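# Geometric and topological summary
Here is how the chains run, residue by residue.
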Amino acid sequence: MSYKQAVHILIFTSLLLMLAACNTSNNNSSVIENMNDTGTENENEVKEEAVEEEEPEIVKELSLPSDVLQKGDQGQSVDELQNVLIHIGYEITDSSLYDNETVWAITDFQLQTENLLATGLYDEETRLELETVLDNEISLTPGVGLAFVEEEQIDEDTKTISNPYDVLALINKQHALPADYEPIDLVVPDVRFPFVEDLPKKQMRKVAADALEKMFGDADLESLDLFAQSGFRSYERQDVLFAAYVSNHGEEQANTFSAKPGESEHQSGLTMDVTSPQVNYALVTEFGETEEGIWLQENAHKYGFIIRYPEGKEDITGYQYEPWHLRYVGIKAATEIMERGITLEEYLEEKLNK
Ligand SMILES: [Zn+2]
């Protein structure tokens, strides 16, 4: 070993020793600081207990509520649900109100989950799928199913609704569906139609079609003769229809019995016009006085449907009485709306205070 090499090794070793010394002294000072921070041993014990107590609280915060929840609901259960949604990546506000953000997060989750129907409702099926995500720390990307967009003002008195999959979406002359919205889950319900052609208007969204089949089945048991006349209608079809009504009746008149494109509930796939042989399968107010019409008035809510344009509410809905126009909103909302004799407009205004 040369003299130079020996000096190098010596310098290197000294540096190592110095580094080691620095670390030790850092550790020592940390210990001292810690001791100063925590003070006496008794206080230490108190702090440790406090930490132990906090843990079960965190677990409790992330439990999924067992109740069925939906737009407009408030309280502890909604708060628990929002905490789970935030935990899995949704940037929503922990407001304890099932608001439009929460409806969006649930809808987006449902659209990303193969076995779920997109409704915006927090139901038993959605709870089980959320539980799987939570238990297995599965990561998902919010917005992949449904991008979050704000309502967009399209003219002086009309906004475009941001979440067309929400079964409690308000669609009327002030709230229009996006022109390009066509539901992804349209099916033909297995019920009677007064025509045989395979027309697009036979379709409804799966969640509404299932409910309609159940309702028609129960009506059959009571020897009623219900027929489905007209369900899904695309934006383009509504455009053609409305233009024809306008040229025959003028726009003001046409607007009382038909809807501008985007403003028809039929585009949502959540609606079916129903009728019976007693009124020659027509869509007329007399249908409301038939056995079928009366039965629907009393029972449609049990299957999640409301008579969307009731008599005497024309000022609120913007439409004349239509005893044949059934809209799916889910059993919980339908029951409250029909039992209280209110409209979807009144129901949502009351729940969301807007
Ligand atoms: Zn209708």
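Below, the structure is looked at part by part. Just so it is clear, the model here is predicted, and its values are computed rather than measured.

## What about the coordination of the zinc ion?
In the first shell of the zinc ion, the protein supplies His266 (NE2), Asp273 (OD), Asp273 (OD) and His325 (ND1), at 2.1 to 2.8 Å from the metal. All donors of the zinc ion belong to a single chain; written as a sequence motif, their spacing is H-x6-D-x51-H. Of this pair, Asp273 sits in strand β7 (residues 271–275) while His325 sits in strand β9 (residues 322–328), placing them 52 residues apart in sequence. On the accessibility criterion, His325 (2% relative accessible area) is buried.

## Some thoughts on the sheet that holds strand β3 (residues 175–176)
With respect to topology, three strands assemble into an open sheet ordered β1-β2-β3, the strand pairing being mixed. Only two strands of the sheet have a single neighbouring strand rather than two, namely β1 (152–155) and β3. Sheet analysis places β1 next to strand β2 (residues 158–160), joined by three bridges and oriented antiparallel. Paired with Asp155 across the two strands is Thr158, which belongs to β2.

## A short note on the environment of Leu348
With respect to the helices and strands, the residue Leu348 is situated in helix α12 (residues 344–352). Classification of Leu348 as buried rests on a relative accessible area of 6%. Spatially, the C-alpha atom of Leu348 lies 7.1 Å from that of Gly72, the residues being 276 residues apart in sequence. Every residue in contact with Leu348, bar those within four places of it in the chain, is listed here: Lys71, Leu168, Leu170 and Asn353.

## A short note on the side chain of Lys202
Looking at the secondary structure, you find Lys202 in the loop between β4 (186–187) and β5 (204–205). Buried and unpaired, Lys202 has no salt bridge, with Asp198 as the nearest side chain of opposite charge at 4.6 Å. Here the side chain of Lys202 touches Glu197 through a polar contact of 3.3 Å, landing on its backbone oxygen. Once you skip the residues sitting within four places of it in the chain, Lys202 turns out to touch Val187, Val188, Pro189, Phe193, Phe195, Val196, Glu197 and Met272.

## Regarding the packing of aromatic side chains
Under the definition given, this model contains nine aromatic pairs. An angle of 90° between the planes, with centres 5.2 Å apart, marks the rings of Tyr165 and Tyr181 as edge-to-face. Taken as a pair, Tyr165 in the loop between β2 and β3 and Tyr181 in the loop between β3 and β4 lie far apart in primary sequence, 16 residues in all. Taken individually, Tyr165 and Tyr181 each receive the classification buried, so the pair is uniform in this respect.

## Some words on helix α3 (residues 76–87)
Taking 1.5 Å of rise per residue, 12 residues should cover 16 Å, and α3 covers 17 Å from first to last C-alpha, within 8% of that figure. Of all 12 residues making up α3, nine are buried, and the element is well covered by its neighbours. After α3 finishes, the residue Gly89 shows a positive phi value of roughly 120°.

## Describing the packing of helix α11 (residues 331–340) against α12
In contact at an axis separation of 10 Å, α11 and α12 are set at 115° when each is read in the N-to-C sense. Here α11 is positioned roughly perpendicular relative to α12, judged by the angle of their axes. Every pair of crossing elements has a handedness; the one defined by α11 and α12 is right-handed. The segment α11 lies against α12, with Ala333, Glu336, Ile337 and Arg340 engaging Leu344, Tyr347, Glu350 and Lys351. By residue class, the composition of the contact of α11 with α12 is four nonpolar, no polar and four charged.

## A look at the pattern of salt bridges
A complete count under the given rule lists 17 salt bridges for this structure. Between Arg127 and Glu124 there is a salt bridge; the shortest N-O distance is 3.2 Å. You can see Arg127 and its partner Glu124 sitting in helix α5 (residues 124–135), three residues apart, about one turn around the helix. One salt bridge in this structure joins Glu151 and Lys159, with 3.5 Å as the shortest N-O distance.

## Observations concerning the pairing of β9
It is a general feature of regular strands that their side chains alternate between the two faces of the sheet. For β9, the tally of buried residues reaches seven of seven residues, placing the bulk of the element in the interior. Sheet analysis places β7 next to β9, joined by three bridges and oriented antiparallel. Among the inter-strand pairings, Thr271 is bridged to a residue of β9, identified as Arg327. Here strand β8 (residues 305–309) pairs with β9 via four bridges, running antiparallel. Across the sheet, residue Ile307 finds its bridge partner in β9, namely Leu326.

## Structural notes on the sheet that holds strand β6 (residues 227–230)
On the basis of which strands lie adjacent, the open sheet formed by four strands has the order β6-β7-β9-β8 and antiparallel pairing. Across the chains shown, the open sheet's two edge strands, defined by having one partner strand only, are β6 and β8. Taking each pair of neighbouring strands and ignoring which way they run, the sheet shows an average axis angle of 45°.

## Quick look at the nonpolar core
Ranked by internal contacts, the top residues of the largest apolar core, which has 43 residues, are Met215, Leu296, Phe305 and Leu344. Going through the elements one at a time, α6 (206–221), β7, α9 (291–299), β8, β9, α11 and α12 are the ones with two or more residues in this core. A per-element tally of this core places α6 first, with eight residues. The residues touching Phe305, leaving out its near neighbours within four places in the chain, are Met204, Ala208, Ala211, Leu212, Met215, Leu270, Ala300, Leu326, Arg327, Tyr328, Ala334 and Met338. Within the second largest apolar cluster, 29 residues are counted, among which are Tyr98, Ile106, Leu130 and Tyr165.

Thresholds applied
- Residues numbered from 1 in each chain as written.
- Predicted model: local features only at pLDDT ≥ 70, side-chain atom pairs only at ≥ 80, totals over all residues.
- Heavy atoms only, no water.
- Donors = N, O, S within 2.8 Å, 3.2 Å for Na, K, Ca; no water.
- Helix = DSSP H or I, 4+ residues; strand = E, 2+ residues; numbered from the N terminus.
- Buried < 20%, exposed > 50% of the residue type's maximum accessible area, 1.4 Å probe, protein only.
- Pairing = 2+ DSSP bridges.
- Contact = heavy atoms within 4.5 Å.
- Lys, Arg positive; Asp, Glu negative; His and termini not counted.
- Salt bridge = Lys/Arg side-chain N within 4 Å of Asp/Glu carboxyl O.
- Polar contact = N/O pair within 3.5 Å; in protein donor to acceptor, adjacent residues only side chain to side chain.
- Phe/Tyr/Trp six-rings, centres within 6.5 Å; stacked < 30°, edge-to-face > 60°.
- Expected span 1.5 Å × (residues − 1).
- Axes fitted to C-alpha atoms, helices over the stretch in contact; angles between N-to-C directions.
- Parallel < 35°, antiparallel > 145°, perpendicular 65-115°, else oblique.
- Left-handed = near helix turned anticlockwise from the far one by under 90°.
- Nonpolar A, V, L, I, M, F, W, Y, C, P; charged D, E, K, R; others polar.
- Core = buried A, V, L, I, M, F, W, Y, C linked by side-chain atoms within 4.5 Å.

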